[in-house]
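If you want the building blocks of each chain, they are given just below.
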Amino acid sequence: MTVADEYAVVTKDLRKTYRTARGTRVAVDSLSLRVPVGGVHGFLGPNGSGKTTTIRMLLGLVRADAGRIRIFGHHVPEALPEVVGRVGAIVESPKFLPSFSGRRSLTLLADAIDAPTGRVDEVLEATALRERADDAFSAYSLGMKQRLAIAATLLKRPDLLIFDEPTNGLDPAGIHEIRTTMRRLADEGRTVLVSSHILAEVEQVADTVSIVGRGRLLATGTVAEVIGDRGGAVRVGVPDPARAAQVLAAAGLTVRPDGDRLLVEGEREPGRITWLLAQQNLWVHELTPVRAGLEGVFLELTQGTSLGAPPPDGDAPPGGAAAPSSAAAGGAR
Ligand SMILES: Nc1ncnc2c1ncn2[C@@H]1O[C@H](COP(=O)(O)OP(=O)(O)OP(=O)(O)O)[C@@H](O)[C@H]1O
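A quick note: this is a predicted structure, and the numbers were derived from the prediction, not measured.

**Some remarks on the side chain of Glu 286**
Okay, so step 1: Mapping Glu 286 onto the fold places it in strand β15 (residues 286–290).
Okay, so step 2: Given the relative accessible area of 17%, Glu 286 is considered buried.
Okay, so step 3: There is a polar contact of 2.4 Å between the side chain of Glu 286 and the side chain of Arg 261.
Okay, so step 4: Side chain to side chain, Glu 286 and Thr 288 meet in a polar contact 2.7 Å long.

As structure tokens, then:
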């Protein structure tokens, strides 16, 4: 199997620097991404971490300063014309004529790209808009507007869908509908690359994720791998928690009280905890793995990398090279 068969998107050492009034700002820094073919890939990071800039580079809307991009094996932007028919993207708020119905807008778009008219009903169905297809766009909820935009991108049957923060501004019901739509598209064999700064919105639907902070990759893999890599903890119930804590700490584990239990971090093999304690005649009556949610991992990884946090490097002076972010520590594979 070639890389092109396995990955819809591959970036290698991608870099983009913007000129600002204060000098230069590194928006994307040595970013190497791999988005597997099929499934939903969550592209996650706090505000200002370079997600939009990366997506714009994938679509040929912004030119990278350095690095390489391949979409289905084609170099982008050079070979964009060969691959553009396989890519559908939503990078801005959807815009349609307010007085036109969803069906009318889609029919005009289908005509423009020579898609068969029957395709309009199919994409309305795929985005759960059929019942409201004849209402004016102006009467649609934000979520319906967003789904109409998705319907429009589906007209040409793209293999890769790229959505930049598609749930921005939506209420929980709208978020749920977009999530369901993304899942359905992935289950049909398409690849969905979706950016978000809100983990909870993507965690439930993503098969794989890449987490970025200050333009750098912090972690990537399946959701289970990314969570698993950060260890998680084990809740331990034992008759003498204070003495047990001493024993475990002496073995190099991190131990915190948790009511009348202990939370033990840093041990991948929970059985060893039982063994360490049993050797001291401390008999464990509870040993429960406590999985770190993706949310916890995300917050831990991106701590101090949001826009509100003081930059570790700051803007470089004009003409000077910007130092790489010191916040982008570890985790990337
Ligand atoms: N045209 C531009 N000129 C100067 N700086 C820019 C420009 N576009 C983005 N930036 C800066 O580059 C960095 C990355 O921005 P980008 O929009 O790619 O991040 P993001 O992760 O998509 O954020 P958000 O979730 O807020 O959209 C930010 O510091 C941003 O201010």
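Structure shown, so let's carry the discussion forward.
**Details of the site of the ligand**
Okay, so step 1: Around the ligand sit Tyr 18, Arg 25, Ala 27, Pro 46, Asn 47, Gly 48, Ser 49, Gly 50, Lys 51, Thr 52, Thr 53 and Glu 165, and that is every residue in its neighbourhood.
Okay, so step 2: A distance of 2.6 Å separates an oxygen atom of the ligand from a polar backbone atom of Gly 48.
Okay, so step 3: Here Ser 49 contributes a backbone N or O atom positioned 3.0 Å from an oxygen atom of the ligand.
Okay, so step 4: Only β2 (23–31) and α2 (51–58) provide two or more residues apiece to the shell around the ligand.
Okay, so step 5: Per-element accounting of the shell around the ligand gives the leading share, three residues, to α2.
Okay, so step 6: Along the lines of polarity and charge, the residues of the shell around the ligand split into three nonpolar, six polar and three charged.

**A short note on the sheet that holds strand β4 (residues 39–44)**
Strand pairing in a sheet takes place through backbone hydrogen bonds and is either antiparallel or parallel in direction.
Okay, so step 1: Spatially, the six strands line up as an open sheet ordered β7-β8-β9-β4-β10-β11, and their pairing is mixed. Each having just a single partner strand, β7 (87–90) and β11 (216–222) make up the two edges of the open sheet. Direction aside, the axes of adjacent strands within the sheet are offset by 15° on average.
Okay, so step 2: Across four bridges, the pairing between β7 and strand β8 (residues 160–164) is parallel. Bridge pairing in β8 places Gly 88 opposite Leu 161.
Okay, so step 3: The sheet contacts of α2 involve β4, β8, β9 (191–196) and β10 (208–213), and relative to β8 the element is tilted by about 145°.

**Here's the deal with the sheet that holds β15**
Okay, so step 1: Taken in spatial order, the four strands line up as β13-β14-β12-β15 in an open sheet, and their pairing is antiparallel. With one partner strand each, in any of the chains shown, β13 (254–258) and β15 form the two edges of the open sheet. Geometrically, the sheet is characterised by an average inter-axis angle of 25° between neighbouring strands, direction not taken into account.
Okay, so step 2: Across the sheet, helix α11 (residues 270–278) touches β12 (233–237), β14 (261–265) and β15, and the angle it forms with β12 is around 35°.

**Brief notes about the packing of helix α6 (residues 142–154) against helix α7 (residues 172–187)**
For any two helices packed against each other, one specifies the crossing angle of their axes together with the interaxial distance.
Okay, so step 1: Packing of α6 against α7 brings their axes to within 10 Å, and their N-to-C directions diverge by 20°. The angle between α6 and α7 falls in the class roughly parallel. Crossing of α6 against α7: the hand is right-handed. Taking contact as the criterion, the partners of Gly 143, Gln 146, Arg 147, Ile 150 and Leu 154 in α6 are, on α7, Glu 177, Ile 178, Thr 181 and Leu 185.

Parameters at a glance
Residues numbered from 1 in each chain as written. Predicted model: local features only at pLDDT ≥ 70, side-chain atom pairs only at ≥ 80, totals over all residues. Heavy atoms only, no water. Helix = DSSP H or I, 4+ residues; strand = E, 2+ residues; numbered from the N terminus. Buried < 20%, exposed > 50% of the residue type's maximum accessible area, 1.4 Å probe, protein only. Polar contact = N/O pair within 3.5 Å; in protein donor to acceptor, adjacent residues only side chain to side chain. Near = heavy atom within 4 Å. Nonpolar A, V, L, I, M, F, W, Y, C, P; charged D, E, K, R; others polar. Pairing = 2+ DSSP bridges. Axes fitted to C-alpha atoms, helices over the stretch in contact; angles between N-to-C directions. Contact = heavy atoms within 4.5 Å. Parallel < 35°, antiparallel > 145°, perpendicular 65-115°, else oblique. Left-handed = near helix turned anticlockwise from the far one by under 90°.

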